[in-house]
Amino acid sequence: MVDNIGSSSEGFKYNIYAADASIHDSVEDHSTIKEQDRLLPIANVGRIMKQILPPNAKISKEGKETMQECVSEFISFVTGEASDKCHKEKRKTVNGDDICWALGSLGFDDYAESLKRYLHKYREAEGERANHNKSSNNEERD
């Protein structure tokens, strides 16, 4: 479930806690979730950030921590929107199509289209791999 904590000129703040609408957590309760469970690992965030920078560039600890908060919040925001859709459709599993839909509904159309193309290619590759494994298993039996 996504809780709309409030809005201001900066926008909305969302937190995901549970799919059950009867559970309500406030900003104060947010501190009960360990930071390591709420945020992506900072080493992974730093590694992704370094990929786009020149080899000699440095990233401050504050820069990594800021990005860590942003990407973690973004993931929660998009996942919450997708989760709401699944809840309304009485489904328990959020899939790639739900994430693409959520990105589009939140105004991230460019990202949604790119992710749809990636998801299509991923599914094709998975299908090919499954067919290859199936044919390999059949050959071993013969």
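This section reports on the structure supplied with the text. Since the structure is predicted, the reported quantities are computational estimates derived from the model, not experimental observations.

### Details of the overall build of the chain
- The secondary structure content of the chain amounts to five helices and two strands.
- Traced from its N-terminal end to its C-terminal end, the chain shows the element sequence β-β-α-α-α-α-α.
- Buried positions account for 19% of the 142 residues belonging to the chain.
- Residue pairs in contact within the chain that sit at least 24 positions apart in sequence constitute 33% of those at least 6 positions apart.
- On the chain, roughly 10800 Å² of surface is accessible, and the fraction owed to carbon and sulfur atoms is 52%.

### Topic: the pattern of salt bridges
- For the structure on display, the rule yields nine salt bridges.
- Across the pair D97 and R123 runs a salt bridge whose closest N-O atoms are separated by 3.2 Å. Here the residue D97 occupies a position in helix α4 (residues 96–105), and R123 occupies one in helix α5 (residues 109–141), the gap between them amounting to 26 residues.
- Overall, the relative accessible area of 40% leaves D97 in the partly exposed class.
- R129 serves as the salt-bridge partner of E126, at 2.7 Å between the closest nitrogen and oxygen. Residue E126 and its partner R129 are located together in helix α5, separated by three residues, close to a single helical turn.
- In this structure E126 comes out as partly exposed when scored by relative accessible area, which is 28%.

### Quick notes on helix α2 (residues 42–52)
- Among the residues of α2, those classed as buried are V45, G46 and M49. Mapping the buried residues of α2 onto a view down its axis gives an arc of 95°, with all of them on the same face. For α2, the exposed residues lying more than 90 degrees away from the buried face are R47, I48 and Q51.

### Observations concerning the nonpolar core
- With five residues, the main nonpolar core is built from V78, A82, A102, L103 and A112.
- The set of elements that each furnish at least two residues to this core consists of α3 (61–88) and α4.

### A short note on the packing of aromatic side chains
- Overall, the coordinates contain three aromatic pairs when judged by the stated rule.
- Seen in terms of ring centroids, F74 and F108 are 5.1 Å apart; in terms of plane orientation they differ by 85°. Their pairing is edge-to-face. One end of the pair, F74, is in helix α3; the other, F108, is in the loop between α4 and α5, with 34 residues separating them in the sequence.
- Classification of F108 by relative accessible area gives partly exposed; the value is 24%.

### Re the side chain of K85
- Inspection of the secondary structure puts K85 in helix α3.
- The residues contacting K85, other than those within four sequence positions of it, are R91, D98 and W101.

### Structural notes on a nonpolar patch on the surface
- Where nonpolar side chains cluster on the molecular surface, the patch consists of L40, F74 and I75 and spans about 230 Å² of accessible area.
- Following the sequence through the fold, I75 ends up in helix α3.
- Overall, the relative accessible area of 41% leaves I75 in the partly exposed class.

### A closer look at the packing of α2 against α3
- Interhelical geometry of α2 versus α3 gives an angle of 100° and a closest axis separation of 9 Å. The orientation of α2 with respect to α3, classified from their angle, is roughly perpendicular. For the pair α2 and α3, contact is made by I42, V45, G46 and M49 and by G63, K64, E65, M67, Q68 and V71, respectively.
- Residue composition of the contact of α2 with α3, grouped by class: five nonpolar, three polar and two charged.

Reading guide: rules and limits
- Residues numbered from 1 in each chain as written.
- Predicted model: local features only at pLDDT ≥ 70, side-chain atom pairs only at ≥ 80, totals over all residues.
- Heavy atoms only, no water.
- Helix = DSSP H or I, 4+ residues; strand = E, 2+ residues; numbered from the N terminus.
- Buried < 20%, exposed > 50% of the residue type's maximum accessible area, 1.4 Å probe, protein only.
- Contact = heavy atoms within 4.5 Å.
- Areas by Shrake-Rupley, 256 points an atom, 1.4 Å probe, with all protein chains shown as cover.
- Salt bridge = Lys/Arg side-chain N within 4 Å of Asp/Glu carboxyl O.
- Arc of directions from axis to C-beta.
- Core = buried A, V, L, I, M, F, W, Y, C linked by side-chain atoms within 4.5 Å.
- Phe/Tyr/Trp six-rings, centres within 6.5 Å; stacked < 30°, edge-to-face > 60°.
- Patch = residues over 30% accessible without salt bridge, like charges linked within 9 Å, V, L, I, M, F, W, Y side chains within 5 Å.
- Axes fitted to C-alpha atoms, helices over the stretch in contact; angles between N-to-C directions.
- Parallel < 35°, antiparallel > 145°, perpendicular 65-115°, else oblique.
- Nonpolar A, V, L, I, M, F, W, Y, C, P; charged D, E, K, R; others polar.

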